[in-house]
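Residue-level structural notes
One letter stands for each residue in the lines below.
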Amino acid sequence: MKSLIKKVVYLTGLAVITVHHVAIANEPTQLFWGDMHLHTSYSFDAFLSQNYSATPDTAYRWAKGQPVIHPYTHAKVRIDTPLDFLVVSDHAEGLGVMRAVVNETDELDSEMSFYQSMMRWFAKQHIRYKVSINEGMDIFNQLLPAKALDSETYLDPVQDPANQPPEPVLGDLNKTRTNAWNDIIDAAERHNNPGTFTSFIGWEWSSTPTGANLHRVVVSPDGAEKAKQYLPFGSDQSQYPEDLWYWLDETSQRTGSEFIAIPHNSNVSKGYMFAETTLRGEPIDAQYARTRMRWEPLVEITQIKGDSETHSKLSPRDPFADFENYPFYLQSDPEAYRIAKGDFIRSALRTGLEIQDKIGVNPYKLGFIGSTDSHTGMSTAEENNFWGKFAHDSIPTSKRTNTVIGGTKATGWNMSASGLAAAWAEENTRESLFAAFKRREVYATTGPRIQVRVFAGWNFPKHAIDAENIAELGYIHGVPMGGDLTKPQEANKPIQLLIRAVKDPKGANLDRIQVVKSWLDTTGKSHEKIFNVAWSGERTLNNQGKLDSVGDTVNRETGQYTNKIGSIELSTLWQDPDFDVNARAFYYVRVLQIPTPRHSLYDAVASKEINDGSIQIPPEGPAVLQERAYTSPIWYTP
C-alpha cells in the first residue's frame, strides 16, 4: 500500500516524495458534499416523465442515505455515499400543477368565460389521460420552445417570432403553485438538521427562448418564515435574467431574504449565457457587471446534461477537453449543434478578463459547482448507481426511447452521471455553507469525492506541502480557491499555488493535477495554457510539458478496474514559470482520475444475457472516462 501513497512535489520541475494526508477535524474549514440542483415530482417535466411519486421528502431521504422506492422501477434503491446538503430546485413554471391536476388536488377555480372553462376542462382531461397511459412526454414536447425563425434579424432570442409562450389554458395557477411551494418549504424545514445535514430552499428559473438554455437555480439560506412571503419567480414572468435579478433585489429588500442564482447548462445556451453583450444585444457596462456578480457568484460547470468546462473547438491544445459533451438543444425540433464562446465556462472566464480590461468590472468572475439536475428525486452522480436523467430513462431497456427529452435526439446514454458540489465551510449549516458559496470557496466534481485544496500566494513555507496543517498555512500565507490576489510587494515575484488532492476513499486513484491559466496580453486579448504540475508514477514531462497517459485497467467484459496505477494523493507547491506581474490572470485546478467505467459500460455488462451473450457498448458515449474535479479559480489583478 505504501507504494501507492505518493505525493509529488513539482516546484519548477524538482523533487518527488511520498506521504498521505486527509482533511483533519481542526482545520479552519471542513469539506461538505452536496447537490444544488435536483427535481422532484413537483416539476412539470419530472412528473410528465413518469416521476409520479418521488417528492422532496424522497429526495432528502435519499440524500441522507436512506433506502427509497424508485418512481419508475419501484425497486428499493439507495445512494452509496450520503450527501451533506441538498437543494430541491423544482421548476418555478407550473410548480406542482401537473401533479395536482392528475391527483385532482388542483385549485384552478379562477373566474373564466364559458369557452375558457370548457378549454380548461378538456386540457385537464387530456393531461390525466396522457399520464394514465404514460405518454406525458407528449405534453412536455408540446411545451418545449420552437427553434428560432430569424436569428440573424433578431439577435435577442426573446424577440424572435418563434418565441411564443404556451397558451395559459389552465388559467390562474397561483393557488396550486402556492400549495406546492409550501409543501417544498415544509419538507426542507423537516429535514434541515444543523451540524448534520443541510436542506436549502430553492427553485429553478427556466428561461429557454428559442431553445437557448438560460436556466438558473435560485438558492436561499433562509427558512420558512421568509420563504412563505413570496412565490418563486419564473420565466413565465420574464425570460430576461435582468428581471430575475431585479425581483431578487426587490424581494430581498421586502422580506430580508438572501439569494444567489446559479447558471447551468451553458453548453446548450446557443452562446447567450456568457456572451460579450447582454441578452438584448446591448454592451455590458459596469452596472450590469456589478449586478450580475452580486447575484451570480457561481456557475454549475458539470451535470447530467453534459460538461461545460470547455470544448476542443475552443481549447484545441487541451487533450482532456470534450469531456461528456451534450450536443442537443432543449427545443421541440432538432437543430444542428454549434459551439460558441458563450457556451463554455473557460471561455466565459476569459471573456470576463477582457471585459474587465475595458470597463473595470468582471461580469464573469465565477466559482464552480457541479450538481446532477436529476429529475427522479434522486441525486445520482455515481456511475455504477446512476438512475437516469428522468424516471423513464432509468433502466437499460428504456434508455433509447423516442421521448427522453422532447424533440431532441438525445438518449439516456448521452446523459452523464455527473456532478457534485463541494464546499469548504466552517460547519454544516445553512449560514456557513451559504457564506462559502458567496466567497466561491467551492468546487465541482463529475461524481467522485475527490478532495482538493488550492491556495495562491507569493511566499508559502517550503514545508507546507508536507504539513498536516496545510489549510492553516494556506490561509495564513495565501488565498483559497475563489479568492483574489493583487500585485506583490516584491517586484517580479512569481505566483505560487499550493495544491493537495486526495482520491475518493471508495473510488479510483488519481492520474494528475493540472493548472489551467488564462491571462491578458498588452492588447487586452486573453490566452490560455495548461500545466501538468503533479502526477502519479515515474512518468516525465516532454519538452512541450506533455505527459504520457496513465494507462487503463478497465475490463470491458466485466466493468471492473484496479488501482494498480495512479496515486492516492498528489500535491505540489507550483510556481508559474511564465508569470507576468503586469498581466491580469486567473488560475484553476483540474484533477484527473485514472480511467474508470462509464455508466453505459455497466449497462452493457448487465445486459449481456438479453443481448445474445455479447457486451454491446452503447455508441452514445465512451466505455471508460476520466472523472475529474474543477476548483474555483483564483484571480490575479496587477
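Residues numbered from 1 in each chain as written. Predicted model: local features only at pLDDT ≥ 70, side-chain atom pairs only at ≥ 80, totals over all residues. Heavy atoms only, no water.

**Examining the overall build of the protein chain**
What counts, and what does not: Secondary structure elements are defined from DSSP: runs of H or I of at least 4 residues count as helices, runs of E of at least 2 residues count as strands, and each element is numbered from the N terminus. Only the C-alpha atoms count toward the radius of gyration. The rule for a globule is 2.2 Å times the residue count to the power 0.38. Relative accessibility under 20% of the residue-type maximum defines a buried residue, over 50% an exposed one, and the middle range a partly exposed one, all with a 1.4 Å probe and only protein chains included. What sets the accessible areas is the Shrake-Rupley method with a 1.4 Å probe; for residues, cover comes only from the shown protein chains. Charge counting treats Lys and Arg as positive and Asp and Glu as negative, with His and both chain ends excluded. For this purpose, a charge sits on NZ of Lys, CZ of Arg, CG of Asp or CD of Glu.
The secondary structure content of the protein chain amounts to 13 helices and 26 strands. The C-alpha atoms of the protein chain give a radius of gyration of 24 Å, which matches the 26 Å a tight globule of 638 residues would have. Principal-axis analysis of the C-alpha atoms places the extent of the protein chain at approximately 80 × 60 × 50 Å. Classification of the 638 residues of the protein chain by burial places 63% in the buried group. Counting only carbon and sulfur atoms, one obtains 50% of the accessible surface of the protein chain, whose full area is about 24400 Å². One finds the centroid of the 63 positive side-chain charges in the protein chain at a distance of 4 Å from the centroid of its 78 negative side-chain charges.

**Brief notes about the packing of helix α8 (residues 241-255) against helix α9 (residues 286-295)**
This is how it is decided: For helices, the axis comes from a line fit to the C-alpha atoms of the stretch in contact; other axes are also lines fit to C-alpha atoms, and the angle between any two N-to-C directions lies between 0 and 180 degrees. By the definition used in this description, the sense in which the near helix is turned from the far one sets the handedness, with an anticlockwise turn below a right angle giving left-handed and a clockwise turn giving right-handed. Here a residue-residue contact requires only that any non-hydrogen atoms of the pair lie within 4.5 Å.
At their nearest, the axes of α8 and α9 sit 10 Å apart, and the two run at 65° to each other. In this structure, α8 crosses over α9, and the sense of that crossing is left-handed. Facing E242, W245, L248, D249 and S252 of α8, the residues of α9 in contact are Y288, T291, R292, R294 and W295.

**Describing the packing of aromatic side chains**
Put simply, the rule is: Only centres within 6.5 Å qualify two rings of Phe, Tyr or Trp (six-membered ring in Trp) as a pair; their planes then separate them into stacked at under 30 degrees, edge-to-face at over 60, and tilted for everything else.
Throughout the structure, instances matching the rule amount to 31 aromatic pairs. Pairing W181 with W203 gives two aromatic rings, centres 5.8 Å apart and planes at 90°, and the pair type is edge-to-face. Taken together, the residues W181 in helix α6 (residues 174-191) and W203 in strand β7 (residues 198-205) connect sequence positions 22 residues apart. Judged by its relative accessible area of 1%, W181 falls in the buried class. The class of W203 is buried, set by a relative accessible area of 1%. Ring geometry for W247 against F259: centres 6.1 Å apart, planes inclined by 50°, an arrangement best described as tilted. Of this pair, W247 sits in helix α8 while F259 sits in the loop between α8 and β9 (260-263), placing them 12 residues apart in sequence. By the burial criterion, W247 is buried, and F259 matches it.

**Section: the pattern of salt bridges**
The line we're drawing: Think of a salt bridge as a Lys or Arg side-chain nitrogen and an Asp or Glu carboxyl oxygen that are within 4 Å of each other.
Across all of its chains, the model carries 38 salt bridges by this definition. Residues E135 and K130 are paired through a salt bridge, measuring 2.8 Å at the closest nitrogen-oxygen approach. Residue E135 is classed as partly exposed on the basis of its relative accessible area of 34%. D138 is the salt-bridge partner of K130, the closest N and O atoms lying 2.9 Å from each other. A relative accessible area of 12% means that K130 is categorised as buried. Taken together, the shared-partner salt bridges in this structure form one network comprising E309, D318, R346, R350, E528 and R590.

**Re the packing of helix α2 (residues 56-63) against α6**
Where we set the bar: What sets the label is the angle itself: under 35 degrees gives roughly parallel, over 145 gives roughly antiparallel, 65 to 115 gives roughly perpendicular, and the rest give oblique. Three classes are used, and their members are as follows: Ala, Val, Leu, Ile, Met, Phe, Trp, Tyr, Cys and Pro are nonpolar, Asp, Glu, Lys and Arg are charged, and the others, Gly among them, are polar.
The N-to-C vectors of α2 and α6 enclose an angle of 25°; their axes lie 9 Å apart at closest approach. With respect to α6, the axis of α2 lies roughly parallel. Every pair of crossing elements has a handedness; the one defined by α2 and α6 is right-handed. Residues P56, D57, Y60 and R61 of α2 form the contact with α6, whose participating residues are I184, A187, A188, R190 and H191. Of the residues in the contact of α2 with α6, the class split is five nonpolar, one polar and three charged.

**Overview of the environment of T81**
Turning to its location among the elements, T81 is positioned in the loop between β5 (76-77) and β6 (85-88). Once residues within four sequence positions are removed from consideration, T81 is found in contact with E382, R449 and K506.

**Comments concerning unusual backbone geometry**
For the bond running from S418 to G419, omega is 5°, close enough to zero to count as cis. Checked against the element boundaries, G419 lands in the loop between β12 (367-370) and β13 (420-425). Look at T210: it is not a glycine, yet its phi comes out positive at around 50°. Along the chain, the position of T210 falls in the loop between β7 and β8 (216-220). Positioned with a positive phi, D322 is a non-glycine residue whose angle comes to about 65°. In this fold, D322 is placed in the loop between β11 (306-307) and α10 (345-359). The partly exposed category is assigned to D322, whose relative accessible area is 32%.

**Details of the side chain of S518**
Spelled out, the test is: Polar contact is defined as a pair of N or O atoms within 3.5 Å, subject to the rule that within protein one atom must be able to donate a hydrogen and the other to accept it, and that residues adjacent in sequence are counted only when both atoms are side-chain atoms.
Looking at the secondary structure, you find S518 in strand β19 (residues 510-520). Residue class for S518 comes out buried when judged on its relative accessible area of 0%. Engagement of the side chain of S518 in a polar contact is seen with the backbone oxygen of H527, the distance being 2.7 Å. Once you skip the residues sitting within four places of it in the chain, S518 turns out to touch R350, L353, S526, H527, E528, R584, A585 and F586.

**A look at the nonpolar core**
The condition is simple: Buried Ala, Val, Leu, Ile, Met, Phe, Trp, Tyr and Cys residues form a nonpolar core when they are joined through side-chain atoms within 4.5 Å.
By size, the foremost hydrophobic cluster in this structure holds 101 residues, and its most contacted members are W181, F368, Y443, I513 and V591. Grouped together as the second largest cluster of nonpolar side chains are 19 residues, M36, I262, I369 and L433 included.

**Some thoughts on the sheet that holds strand β15 (residues 451-457)**
Rule in force here: Criterion used throughout: strands pair if DSSP finds at least two bridges between them.
Strand order in the open sheet made by the four strands is β16-β15-β18-β21, with antiparallel pairing throughout. If you trace the sheet from one side to the other, it starts and ends with β16 (478-480) and β21 (569-575), each paired once. For this sheet the average axis-to-axis angle between neighbouring strands, irrespective of direction, equals 15°.

**Notes on the pairing of β9**
In summary, the side chains of a regular strand alternate between the two faces of the sheet. Going residue by residue along β9, you find I260 and I262 tucked away on one face and A261 and P263 tucked away on the opposite face as well. Relative to β9, β8 is paired through four bridges, and the arrangement is antiparallel. Residue V218 lies in a different strand from β9, and its bridge partner there is A261.

**So, the sheet that holds β12**
Across the sheet, which stays open at both edges, the three strands sit in the order β11-β10-β12 with mixed pairing between neighbours. Two strands close off the open sheet at either side, each with one partner strand: β11 and β12. Relative to β12, strand β10 (residues 298-303) is paired through four bridges, and the arrangement is parallel. Considered in β12, the bridge of L298 is made with G367.

**Topic: the side chain of E324**
Within the fold, E324 resides in the loop between β11 and α10. Side-chain polar atoms of E324 contact the side chain of S416, separated by 2.9 Å. Setting aside chain neighbours within four positions, we find E324 in contact with G306, D307, M415, S416, R598, P622 and L625.

**Points about the confidence of the model for the protein chain**
Under the convention used in this document: Note: pLDDT gives the predictor's confidence per residue, expressed from 0 to 100.
Averaged over all residues, the pLDDT of the protein chain is 93; the fraction at 70 or higher stands at 95%. The model gives residues 1-19 a pLDDT under 50, and that stretch makes 56 contacts with residues more than four places away or in other chains.

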